Amino acid sequence: MSDNPVDTNKRTWLIASTCAGAVGGLAVATPFVSTFQPSEKAKAAGAAVEVDISALKPGEKMTVEWRGKPVWIVKRTPEQLESLNKTESQLADPKSERKPSEFTPAYARNQARSIKPEIFVAVGICTHLGCSPSDKFQPGAQPSLPDDWNGGFLCPCHGSTFDIAGRVFKNKPAPDNLEVPPHMYLSDTKLLIGEDKKA
């Protein structure tokens, strides 16, 4: 047996100091570790968004957010793709030649404005004053649309119309086609919006 008695006050002080140090270290480490996560500002600045399109049926549209903007993904029907031939002569920029670096990546400078003809990806903001156009997929005469309407989008603010490939019709307030954002396929059912390095 030791002749030195245990100093319980010193033991309590050591235990308390160790616990306080551990809590303090954790408090300091938490904000440091959190800096490795992308900030909301970084996400808004353009972090890519992965989208599963496996449940999207022909004729349907889904919307995701990228850079604070709505991005539409439309799975077009064979009839909708066929309608693109019928609208060519009525469009202001059928080949997406105006401001291509701003509105249409090279891989989408085709009639369907897409990588895969049946899947259309576009930023859902009118190029006139930034309103969001409405879906008008049903062909035929409707309010605010021509009698020979083939389906597409109508901006309710000032009446700009776009075909099902987001190409603006002639003599409308919108000066350009809808923007096609950078995007690429990770698989047949997964899209990455915001990056197109492999496209």
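Below or above, wherever it landed, is the structure these notes cover.

Procedures and definitions
- Per chain, the residues get numbers from 1 upward, laid out in the order the sequence is written.
- In view of the model being predicted, local features appear only for residues whose pLDDT reaches at least 70, and side-chain atom pairs are presented and counted only at 80 or more, with totals across whole chains, interfaces and linings using the full set of residues.
- Side-chain metrics rest on all non-hydrogen atoms present in the structure, leaving aside hydrogens and water.
- When the sulfur atoms of two cysteines come within 2.5 Å, that pair is taken as a disulfide.
- Buried, partly exposed and exposed residues are distinguished by accessible area as a fraction of the type maximum, computed with a 1.4 Å probe on protein chains only: under 20%, between the cut-offs, and over 50%, respectively.
- A pair of strands is labelled paired if DSSP reports no fewer than 2 bridges between them.
- In this description a helix means any DSSP run of H or I spanning at least four residues, a strand means any run of E spanning at least two, and both kinds are numbered starting from the N terminus.
- We count a salt bridge whenever a side-chain nitrogen from Lys or Arg sits within 4 Å of a carboxyl oxygen from Asp or Glu.

1. Here's the deal with the state of the cysteines
As used in these notes, a disulfide is a covalent bond between sulfur atoms, one from each of two cysteines.
Now for step 1: Tallied over the entire structure, the rule returns one disulfide.
Now for step 2: Here C126 is not disulfide-linked; the sulfur of C155 is the nearest cysteine sulfur, at 3.9 Å.
Now for step 3: Overall, C126 belongs to the buried group, its relative accessible area being 4%.
Now for step 4: Among the residues examined, C155 registers a relative accessible area of 2% and is labelled buried.

2. Quick look at the pairing of strand β3 (residues 69–75)
Now for step 1: With six bridges joining them, strand β2 (residues 61–66) and β3 adopt antiparallel strand pairing. Bridging across to β3, M62 finds its partner in I73.
Now for step 2: If you look at the hairpin formed by β2 and β3, you'll find two residues sitting between the two strands, and R67 has a positive phi there, around 55°.
Now for step 3: Sheet topology note: the β3/strand β4 (residues 119–123) ladder contains five bridges and is antiparallel. Bridge pairing in β4 places V71 opposite V123.

3. With respect to the pattern of salt bridges
Now for step 1: Applying the stated criterion across every chain yields a total of seven salt bridges.
Now for step 2: Between K61 and D135 there is a salt bridge, with its nearest N and O atoms 2.7 Å apart. With K61 in strand β2 and D135 in strand β5 (residues 134–136), the pair connects residues that are 74 residues apart, well separated along the chain.
Now for step 3: D135 sits in the partly exposed class, given a relative accessible area of 34%.
Now for step 4: Here D188 ties to K116 by a salt bridge, and the two come within 3.4 Å at their closest N and O atoms. In this pair, D188 sits in the loop between β8 (183–187) and β9 (190–193) while K116 sits in the loop between α4 (100–103) and β4, placing the two residues 72 residues apart along the sequence.
Now for step 5: Given a relative accessible area of 62%, D188 falls into the exposed group.

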